[in-house]
Amino acid sequence: MDKRFKIAHKEALIGVILVIINFIIWYGFGYGLGSANVKDYTYVFGLPAWFFYSCILGSIVMIILVIFTVRYLFQDIPFDVEEGNK
């Protein structure tokens, strides 16, 4: 198997892990804090805490994780056919 496919599979797995982390953050805060009575909600910057943590802060965390992943874990690979693989 071409080594580019191994790299692509590894990077696809990292992408799936990032999606799972995003879902856990969103679901955990959204349904964890959002399942209380509306009268008991706490607010952050005028937004319900569950919304702020799951959507606003969660998005910021995921953007930072994706930037870190692309910068340090992904590899730049050529798409050209190598001479020995024709």
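Presented here is a report on the structure given in the accompanying data block.

Rules behind the numbers
Residues numbered from 1 in each chain as written. Predicted model: local features only at pLDDT ≥ 70, side-chain atom pairs only at ≥ 80, totals over all residues. Heavy atoms only, no water. Helix = DSSP H or I, 4+ residues; strand = E, 2+ residues; numbered from the N terminus. Rg over C-alpha atoms; globule rule 2.2 N^0.38 Å. Buried < 20%, exposed > 50% of the residue type's maximum accessible area, 1.4 Å probe, protein only. Contact = heavy atoms within 4.5 Å. Lys, Arg positive; Asp, Glu negative; His and termini not counted. Charge placed at Lys NZ, Arg CZ, Asp CG, Glu CD. Phe/Tyr/Trp six-rings, centres within 6.5 Å; stacked < 30°, edge-to-face > 60°. Axes fitted to C-alpha atoms, helices over the stretch in contact; angles between N-to-C directions. Parallel < 35°, antiparallel > 145°, perpendicular 65-115°, else oblique. Left-handed = near helix turned anticlockwise from the far one by under 90°. Nonpolar A, V, L, I, M, F, W, Y, C, P; charged D, E, K, R; others polar. Patch = residues over 30% accessible without salt bridge, like charges linked within 9 Å, V, L, I, M, F, W, Y side chains within 5 Å. Areas by Shrake-Rupley, 256 points an atom, 1.4 Å probe, with all protein chains shown as cover. Salt bridge = Lys/Arg side-chain N within 4 Å of Asp/Glu carboxyl O.

**A look at the overall build of the protein**
Working step 1: Scanning the protein from terminus to terminus reveals two helices and two strands.
Working step 2: When the helices and strands of the protein are read in sequence order from the N terminus, they spell out α-β-β-α.
Working step 3: Computed over the C-alpha atoms, the radius of gyration of the protein is 20 Å, more than 25% above the 12 Å expected from 2.2 N^0.38 for a compact globule of 86 residues.
Working step 4: In terms of principal-axis extent, the alpha carbons of the protein reach across some 70 × 20 × 15 Å.
Working step 5: Considering the protein as a whole, with its 86 residues, one finds that 21% of them fall into the buried category.
Working step 6: Long-range pairs, those at least 24 residues apart, make up 63% of the contacts in the protein between residues at least 6 apart in sequence.
Working step 7: Distance between charge centres in the protein, computed from 7 positive and 7 negative side chains, equals 5 Å.

**Focus: the packing of aromatic side chains**
Working step 1: Under the defined criterion, the tally for this structure stands at nine aromatic pairs.
Working step 2: Clustering of aromatic rings is evident, with ring pairs tying together Phe23, Trp26, Tyr27 and Tyr31.

**Observations concerning the packing of helix H1 (residues 3–32) against helix H2 (residues 49–72)**
Working step 1: Orientation of H1 relative to H2, taken along the N-to-C sense of each, is 165°, at an axis distance of 8 Å. Considering the angle they form, H1 stands roughly antiparallel to H2. Crossing hand, H1 versus H2: right-handed. Together, Ile14, Leu18, Ile21, Asn22, Ile25, Trp26, Phe29 and Gly30 of H1 and Trp50, Tyr53, Ser54, Cys55, Gly58, Val61, Met62, Leu65, Val66 and Thr69 of H2 make up the contact between the two elements.
Working step 2: The class makeup of the residues in the contact of H1 with H2 is 13 nonpolar, five polar and no charged.

**A few points about a nonpolar patch on the surface**
Working step 1: There is a patch of nonpolar side chains on the surface, built from Leu13, Val16, Ile17, Ile20, Ile21, Phe23, Ile24, Trp26, Tyr27 and Tyr31 and spanning about 1000 Å² of accessible area.
Working step 2: Among the secondary structure elements, Ile20 is positioned in helix H1.

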